[in-house]
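Residue-level structure breakdown
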Amino acid sequence: MKPLPLRPARALVHAPARLRALVRGNEVGLVLLAAVTGCLAGLAVAGMSAATQGLREILYRLPDGTRLSAVSELPLWLHGGPALGGLILGLLVILAGRVRRGRRRAVVDPIEANALHGGRMSLRDSAYVALQNVLSNGCGASVGLEAGYTQIAGGIASRLGIAFELRRSDLRTLVGCGSAAAIAAAFGSPLTGAFYAFELIIGTYTIATLTPVVVAALCGSLVARALVTQAAFVDVSGLAATATGRITAADTLPCLVLGLVCALLGILLMRGVALVERAFEATRLPGVLRPMLGGACVGALAFATTPQVLSGGHGALHLHLEHAAALSGAGALAGLLVAKAAASAISIGSGFRGGLFFASLFLGALAGKLFAVLAPLAWPGFEAFALTPVAYAVVGMSALAVAIIGGPLTMTFLALEMTGSFPVAGLVLAAVIASSLTVRKTFGYSFATWRFHLRGESIRSAHDVGWIRNLSVGRLMRKDIRPVPLDTPLSVFLREHPLGSPSRVVVVDGKGRYAGIVLVPEAHALVGSGEEAPALSDVVRYADTFLEPQMNAKQAAAAFDHAESEALAVVESRDSRKVIGLLTESHTLKRYSEELDRQRRAMVGETV
């Protein structure tokens, strides 16, 4: 019997041809794939949540189901948990480095993947980040799990999309589906998850992306809810203080002020993380030891203040949303606010994996309650407003989360799904708009895009700008060119390049380096003018202006305008000046226009 031919390893991860055709050619197929992605994301979230809780219960001797940040006190020796976790995290980094054999590759998160890479992510790298996040949160470092949830869910979605050979726009949508399902599963809030994907991962809302994203969010939420019990955040009966229990339009004013306060706090926290990161770099400690030092600092801070600064803060948030605040407790609230912000900055700045999503919710709730306690001291008649401290906590929670994470509608829907109160959601919307506008105009970044900025990436959102980078000079240029030596006699050049032949000829010097471009009609005109016959070097133009293959179409168009030329040579590098191609302005603008039109049609849901 003749043996079966071996298939390449890459073929083993591809979906069958019929399934690929169904998903690529039918919107229903993409929705079904989004549903599968949502279910897998829900399983991943439930698994990470259970693993993290189990790790905390083992490390801190917690009763079954007890949140670390909800305990009132811990034995002294247990405050070393974050330092122990930091040591293990450092060892894990060393082990991973040896497995990778020294290859350093930045891990791409869903925002960066959709902005620059057309939705392509590494599932292996995503799993590694998720493991680090579980370890960081489980040992008590003040980081949230939401970044890990979206990372692993986005990685799963990207891997599925690549297996089905999805188009760029569909792959970006599927990564958004994975992230939507992760957030929906984490909070039990499908609308929050869906708009998290629209605002922060996909970068836009369209009719074409609505169905798959919402289906994925619903599936993720249902799967997680079936596997993990989720307690309600807020008791909706305690949101209005007036006898009638009615919230009026007048309550918008203090919410706007609170939104501005939260915007300032968000900017301070984001800058604080960058400052702490630089401080740890200044210690000259090896990167693998910094989490241990950071963990020791967080443990000491928890011992000096309260265990509520540890871990993500789920238990502490429940405690503060369930109890009213009094003026006598303002000092404790302010102290906890500062301590939690410091713990989060130290944790992330020292190298623990995680994000500020839940920390921003907790800090915002503290800021809202503190605002409700202190505002009557400086605002005559403040007691006439209808909202209780718990309601201000909900408003502050959303406003500070918008300042740090972004997504005004995401946080508004989170408040709506948490409280079930449309009047409170309306006030939240006013506060998050004030907060978002203030941060955008004064700071310009969310936490994720601020981190990209510190790395040198000019990404302001998940809006797809990667196609511009992919539309590079190296891909657009003509390679079938024949450069002419600069010492060629002009008569020979004109004989070999008569009128009617290609109008531009690239010239190189004796070492094969770019020397300029000769315009054939111009050379013939000079010779026919009756003046003394010039040399070829006399008709060479653009000797110091050229393109490089890594430039994108936008940069090339700017170079054409600056040189006032309709075509430029492409050289291998500025140092070598070896000619590898020629690019015309008309072809560049045509391809750029086609891609812009493709993006426009994708946004409105037309077939591309």
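Residues numbered from 1 in each chain as written. Predicted model: local features only at pLDDT ≥ 70, side-chain atom pairs only at ≥ 80, totals over all residues. Heavy atoms only, no water.

An unreviewed UniProt entry lists the chain under the name Voltage-gated ClC-type chloride channel ClcB, with Methylobacterium organophilum given as the organism. Taken from UniProt, the Subcellular location (unreviewed entry) comment for the chain reads in full: "Membrane". (UniProt positions renumbered as here; feature names shortened; annotations may be inferred.)

Now for the environment of Val395. Along the chain, Val395 turns up in helix H15 (residues 389-405). A sequence separation of 17 residues divides Val395 from Thr412, and the C-alpha atoms of the two residues are 9.0 Å apart. (Helix = DSSP H or I, 4+ residues; strand = E, 2+ residues; numbered from the N terminus.)

Another point: the sheet that holds strand E1 (residues 484-485). Overall, mixed pairing links the four strands, which are arranged E1-E2-E3-E4 in an open sheet. Only two strands of the sheet have a single partner each, and these edge strands are E1 and strand E4 (540-541). (Pairing = 2+ DSSP bridges.)

A few words now on the packing of helix H8 (residues 190-202) against helix H16 (residues 408-419). Here H8 crosses H16 at 175 degrees, and the two axes come no closer than 8 Å. Put simply, H8 runs roughly antiparallel to H16. The residues of H16 that touch H8, namely those facing Pro190, Leu191, Thr192, Phe195, Tyr196 and Glu199, are Pro408, Leu409, Thr410, Phe413, Leu414 and Glu417. Tallied by class, residues from the contact of H8 with H16 come to eight nonpolar, two polar and two charged. (Axes fitted to C-alpha atoms, helices over the stretch in contact; angles between N-to-C directions. Parallel < 35°, antiparallel > 145°, perpendicular 65-115°, else oblique. Contact = heavy atoms within 4.5 Å. Nonpolar A, V, L, I, M, F, W, Y, C, P; charged D, E, K, R; others polar.)

A few words now on helix H13 (residues 330-350). Taking 1.5 Å of rise per residue, the 21 residues of H13 would be expected to cover 30 Å, and the 30 Å separating its terminal C-alpha atoms lies within 8% of that figure. With its phi angle positive at about 115 degrees, Gly351 sits one or two positions after the end of H13. (Expected span 1.5 Å × (residues − 1).)

Aromatic ring pairs are defined here through the distance separating the ring centres and the angle between the ring planes. Applying the stated criterion across every chain yields a total of 15 aromatic pairs. Ring geometry for Phe371 against Tyr392: centres 5.7 Å apart, planes inclined by 65 degrees, an arrangement best described as edge-to-face. Placement of Phe371 in helix H14 (residues 357-378) and of Tyr392 in helix H15 is noted, with a sequence separation of 21 residues between them. Take Phe371 and Tyr392: they sit in the same class, and that class is buried. Connected via pairs of aromatic rings, a cluster forms that spans Phe371, Trp379, Phe382, Phe385 and Tyr392. (Phe/Tyr/Trp six-rings, centres within 6.5 Å; stacked < 30°, edge-to-face > 60°. Buried < 20%, exposed > 50% of the residue type's maximum accessible area, 1.4 Å probe, protein only.)

Where charged atoms of side chains with opposite charge meet at close range, the side chains can pair. In total, this model carries five salt bridges according to the counting rule given. Residues Arg478 and Asp480 are paired through a salt bridge, measuring 3.3 Å at the closest nitrogen-oxygen approach. For Arg504, the salt bridge identified is with Glu566, shortest N-O distance 2.9 Å. Within this pair, whereas Arg504 is found in strand E2 (residues 504-508), its partner Glu566 is found in the loop between helix H23 (553-563) and strand E5 (567-571), the two being separated by 62 residues in sequence. (Salt bridge = Lys/Arg side-chain N within 4 Å of Asp/Glu carboxyl O.)

A word on the nonpolar core. Counting residues in each nonpolar core, the largest one holds 96 residues, and the members touching the most others are Leu356, Phe357, Leu361, Tyr392 and Met411. Examining the composition of this core, we find that 14 residues originate from one element, H15, more than from any other. If sequence neighbours within four positions are ignored, Tyr392 has contacts with Pro254, Leu258, Gly368, Phe371, Ala372, Phe382, Phe385 and Leu387. Membership of the second largest hydrophobic core comes to 40 residues, among which are Tyr149, Ala182, Ile202 and Ala224. (Core = buried A, V, L, I, M, F, W, Y, C linked by side-chain atoms within 4.5 Å.)

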